[in-house]
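Each chain, letter by letter, is given below.
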Amino acid sequence: MSAPVVSIRNLSHAFGALTVLHELSLDIQPGEYVVLLGPSGSGKTTLLSILGGFLQPTNGAVLIDGRDCTHMPPAKRPTTTVFQDYALFPHMSVGANVAFGLRMNGVAKAERQRLARETLALVGLKQVLDKRPHQLSGGQRQRVALARALVMKPRLLLLDEPLGALDLGLRRQMQEELKAIQKRVGTAFVHVTHDQEEAMALADLLLVMQDGRIVDQGNPERVYTQPSTRFSATFMGENTLIDAEVTEISGTTATLRTALGTLALDRPGIRKGKATLTVRPENLRLGTAPSGRVSLGSGEVAESVFQGSYRKAVVRTGSGGDILLKLPVDMPVRIGERVEVHAEPRHIGLLQE
Amino acid sequence: MKRFLDLIAGLYALVAYGFIYLPIVVLVLFSFQASRFPLPPFTGPSLRWYGEVLGDSKFTGAMVNSVVVGVVSSAVAVLLGFLAAYGCARMRGRLGGAIRALLIAPLSVSYLIIGMGLVVLFNWAGVPKSLLAVGIGHVVINLPLCFAILYSQMSDNIIRLEQAARDLGAREWQVLSLVVAPVLWPALLASFVLSLTLSWDEFLIAFLLTRFETTLPVEIWTLLRSGLNPKANAIGAVVFGVSILMVVLAELAIFGKGKKKS
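All of these numbers come straight from a predicted model, not from anything done at the bench.

Novice: Give me the overall build of chain B: which residues, what numbers.
Specialist: The helix and strand tally for chain B stands at twelve helices and zero strands. Listed by position from the N terminus, the elements making up chain B come as α-α-α-α-α-α-α-α-α-α-α-α. Expressed as lengths along the three principal axes of its C-alpha atoms, the size of chain B is roughly 70 × 65 × 30 Å. Pairs at least 24 apart in sequence give 74% of the contacts found in chain B among residues at least 6 apart.

Novice: Talk me through the UniProt feature "transmembrane region" (unreviewed entry) in chain B; I want residue IDs and the actual numbers.
Specialist: All names here are of chain B. The UniProt record marks residues 7-32, 67-89, 101-125, 131-152, 173-194 and 234-255 with the feature "transmembrane region" (unreviewed entry), using the residue numbering of this structure. Secondary structure content for residues 7-32 is 92% helix and 0% strand, and the end C-alpha separation is 34 Å. Taken end to end, residues 173-194 comprises 95% helix and 0% strand; its first and last C-alpha atoms sit 26 Å apart.

Novice: I'd like a description of the nonpolar core, backed by residues and values.
Specialist: The biggest cluster of nonpolar side chains holds 114 residues, and the ones touching the most others in it are A:Val34, A:Val35, A:Leu36 and A:Leu207. With eleven residues, the top contributor of residues to this core is helix H6 (residues 131-153) of chain B. Not counting residues within four places of it along the chain, the set of residues in contact with A:Leu207 comprises A:Val34, A:Val35, A:Leu36, A:Leu37, A:Ile214 and A:Gln217. Residues A:Ile242, A:Ala254, A:Val315 and A:Val341 belong to the second largest nonpolar core, which totals 18 residues.

Novice: Tell me what's going on with the pairing of strand S12 (residues 253-258) of chain A, and back it up with residues and numbers.
Specialist: Residue and element names in this part refer to chain A. Of the pairings in the sheet, the one linking strand S11 (residues 240-250) to S12 comprises six bridges and is antiparallel in character. Bridge assignment links Ile249 to a residue of S12, and that residue is Ala254. Where S12 meets strand S13 (residues 261-266), six bridges bridge the pair, whose relative direction is antiparallel. Counted as the bridge partner of Thr255 is Ala264 from S13.

Novice: If you had to explain the domain arrangement of chain A to someone new, which residues and values would you point to?
Specialist: Residues and elements named next belong to chain A. Considered domain by domain, chain A is made up of domain 1 (6-232) and domain 2 (238-351). Using only C-alpha atoms to locate each centre, domain 1 and domain 2 end up separated by 38 Å. Every contact between the two is made by six residues of domain 1 and, on the other side, seven residues of domain 2.

Novice: So what's going on with the environment of B:Leu168? Residues and values would help.
Specialist: The residue B:Leu168 is located in the loop between helix H7 (156-167) and helix H8 (172-183) in this model. Taking the C-beta count within 10 Å as the criterion, B:Leu168 has 27 such neighbours and is therefore assigned buried. Ignoring anything within four residues of it in the chain, the contact list for B:Leu168 reads A:Thr80, A:Phe100, A:Gly101, A:Met104 and A:Met152.

Novice: Quick rundown of the UniProt feature "domain: ABC transporter" (unreviewed entry) in chain A? Include the residues and the values.
Specialist: Per the UniProt record, "domain: ABC transporter" (unreviewed entry) is found at residues 6-236 of chain A. Counting secondary structure, residues 6-236 of chain A comes out at 36% helix and 26% strand; the distance between its end C-alpha atoms is 26 Å.

Novice: Explain the interface of chain A and chain B residue by residue, including any values.
Specialist: Interfaces are often described in size by the accessible area the parts lose on coming together. Listed as interface residues are 18 residues of chain A and, on the opposing side, 13 residues of chain B. Among the elements of the structure, strand S6 (79-82) and helix H2 (94-104) of chain A are those that each provide at least two residues to the side of chain A that touches chain B. Element by element, the count of residues in the side of chain A that touches chain B is highest for H2(A), at three residues. Residue composition of the side of chain A that touches chain B, grouped by class: eleven nonpolar, six polar and one charged.

Novice: Tell me about the packing of helix H3 (residues 57-88) of chain B against helix H9 (residues 185-200) of chain B, residues and numbers included.
Specialist: All names here are of chain B. Running from amino to carboxyl end, H3 crosses H9 at an angle of 140°, the nearest separation of the two axes being 8 Å. As far as their axial angle goes, H9 and H3 are oblique. Relative to H9, the crossing made by H3 is right-handed. For the pair H3 and H9, the contacting residues are Ser66, Val69, Gly70, Val71, Ser73, Ser74, Ala75, Ala77, Val78, Gly81 and Phe82 in the first and Leu188, Ser191, Phe192, Ser195, Leu196, Ser199 and Trp200 in the second. Looking at the contact of H3 with H9, its residues break down into ten nonpolar, eight polar and no charged.

Novice: Report on unusual backbone geometry, specifying residues and quantitative values.
Specialist: Even without glycine at this site, A:Tyr86 takes up a positive phi of about 75°. Topologically, A:Tyr86 is positioned in the loop between S6 and H2.

Novice: If you had to explain the UniProt feature "domain: ABC transmembrane type-1" (unreviewed entry) in chain B to someone new, which residues and values would you point to?
Specialist: Using the residue numbers shown here, the UniProt feature "domain: ABC transmembrane type-1" (unreviewed entry) corresponds to residues 63-250 of chain B. With 81% helix and 0% strand, residues 63-250 of chain B has end C-alpha atoms that lie 21 Å from one another.

Novice: Go over helix H1 (residues 44-52) of chain A, please, and point to the residues and values.
Specialist: Residues and elements named next belong to chain A. Along H1, eight of the nine residues are buried, which leaves the element largely enclosed by surrounding structure. Every buried residue belonging to H1 is among Lys44, Thr46, Leu47, Leu48, Ser49, Ile50, Leu51 and Gly52, and all of these are buried. Backbone geometry just downstream of H1 places Gly53 in the positive-phi region, at approximately 90°.

Novice: So what's going on with the sheet that holds strand S20 (residues 348-351) of chain A? Residues and values would help.
Specialist: All names here are of chain A. Spatially, S13-S12-S11-S14-S20 is the arrangement adopted by the five strands of the open sheet, whose pairing is antiparallel. A strand with exactly one partner marks an edge of an open sheet, and here the two such strands are S13 and S20. Averaged over all pairs of adjacent strands, the angle between strand axes in this sheet comes to 40°, irrespective of strand direction.

Novice: Give me the lowdown on the sheet that holds S6(A), citing residues and values where you can.
Specialist: All names here are of chain A. In spatial order, the strands read S6-S7-S8-S3-S9-S10; together these six strands make up an open sheet with mixed pairing. Two strands in the sheet have a free side with no partner beyond their single neighbour: S6 and strand S10 (213-218). Across this sheet, the average inter-strand angle for adjacent strands is 20°, counted without regard to direction. Relative to strand S8 (residues 188-193), strand S3 (residues 33-37) runs parallel, the two sharing five bridges. When the bridges of S8 are listed, Tyr33 appears paired with Phe189. Helix H4 (residues 138-150) rests against S6 and strand S7 (156-160) of the sheet, and its axis sits at about 175° to S6.

Novice: Hey, could you go over the pairing of S11(A) for me, with residue numbers and the actual values?
Specialist: Relative to strand S14 (residues 273-279) of chain A, S11(A) runs antiparallel, the two sharing seven bridges. If you follow A:Glu245 over to S14(A), its bridge partner there is A:Lys274.

What counts, and at which threshold
- Residues numbered from 1 in each chain as written.
- Chains lettered and ligands numbered in written order.
- Predicted model: local features only at pLDDT ≥ 70, side-chain atom pairs only at ≥ 80, totals over all residues.
- Helix = DSSP H or I, 4+ residues; strand = E, 2+ residues; numbered from the N terminus.
- Contact = placed C-beta atoms within 7 Å.
- UniProt positions renumbered as here; feature names shortened; annotations may be inferred.
- Core = buried A, V, L, I, M, F, W, Y, C linked by C-beta atoms within 7 Å.
- Buried ≥ 20, exposed ≤ 12 C-beta atoms within 10 Å, placed from the backbone.
- Pairing = 2+ DSSP bridges.
- Domains from an automatic or database assignment.
- Nonpolar A, V, L, I, M, F, W, Y, C, P; charged D, E, K, R; others polar.
- Axes fitted to C-alpha atoms, helices over the stretch in contact; angles between N-to-C directions.
- Parallel < 35°, antiparallel > 145°, perpendicular 65-115°, else oblique.
- Left-handed = near helix turned anticlockwise from the far one by under 90°.

Structure below.
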């Protein structure tokens, strides 16, 4: 692995008596798209502000290309930010907005106009150079803000809920373009959002934050199917959590006992004691478990609702609680029927906290 | 019955507006009087008294003094108010609140008290009665107003714009001159024109703080002491005209901005 662009070391931050970041450490690789996902108050925006230099951390260090930038002002840092409400200068044309940073750095007029035009073309905007920001649509403003930050050729681009102000359709479209632009320029991006779908679609590295801590990190697929904490299991989408206890370990195979019965899973690095099983509703099926799938136990179908692209069902197990399923619509389900619920082992998450 | 009530309401409005505007109408009308006294019957129209006023160096000099004091004191008040608002918008907590309150509080103090205080202070500090003293007095009365107007415009939005400018490499003076001041331009203009209007016809402080060279309102007062004179009407009409002009300018500055936003 090459040297990281950004190293965050033991970063803590407190506003008065309230600690919002706890001893956070993280490396960001060149060209990586990092998404910080968390509810409001989880510290994700604070972390972004510290990376941008708008906030001085109480403790810890931020290294960019190995250089300590912890107390470097935003103007001097090789980072730029796309702000949540874009923060475009309303009294300047789009061209002047994009060229502003170059102007501050003493780039000659002709050169900065050329670069501004080039960067606007990169984000898919060509004919707006002389317009004022208030003449543009939300999506166009978003692109101008992106161009204004990209034209500086930062080592790290910070995006604070950049799609939050757009309506859903446009958000999904911009999300794809954002990813494409990032791949084209190859700059490392750090993107803050509370939209899980956006986070999963964009991230190379997904960080789930809660109460000032990174509670899960990895590629989005892993975080989604095999969350490593109870919080990330429940924060992202629907999930069924089943309490379990690891009673026996032989080799890498662990035997677990739940209120619904026992099952065996091949999981290295597990220890005896309390555990939680997590399964996404779309990975569960009904009926007798075929070979290669693991039965989680049985219960009675309490609910079956047609939802268009899937059928939502709830299996009530009594002692084990309710299990939520998203089944193919053509699968017949009768309410009151006694059924067995099973899943593939790789779709079963195992938490030990 | 409905019609009767409408009639009463119309009459009431007529009386109310007459009460407010009749004195001004009379003042302006008799400024065009041809004879020596500004009393009925109206003998004009004539520009005789305007000619006399404009030919009298005492009045034209006072007018120039008023303009100079107004423009300079308003510019200083706007600059100080702007910097104070800029700073205060970044202060949280009790100290910021206390500073804001102290800056705005003079709005509630009468000009008489402020004028007397300045007389005593300047006397003690050895500042002679002069146009400079009046100018300082006008900064004292206009600063709170400028501060209040500009502080109300210092939204989070502006703070974010500043952050963006700094992020892109702007130094502090560039943030102020290239981003904050242009964005706040309508509010800056509005507070300047408002200050100018207040300074333009301010009498009490100017009266207390000048001796030989003085401003127009004080000169008018001196003239009125020797009885009614259409000359005073002519000056009054000029003062009124200039005030109206400035109010219109201020309105344009404020509502021009409102239009752009919507």
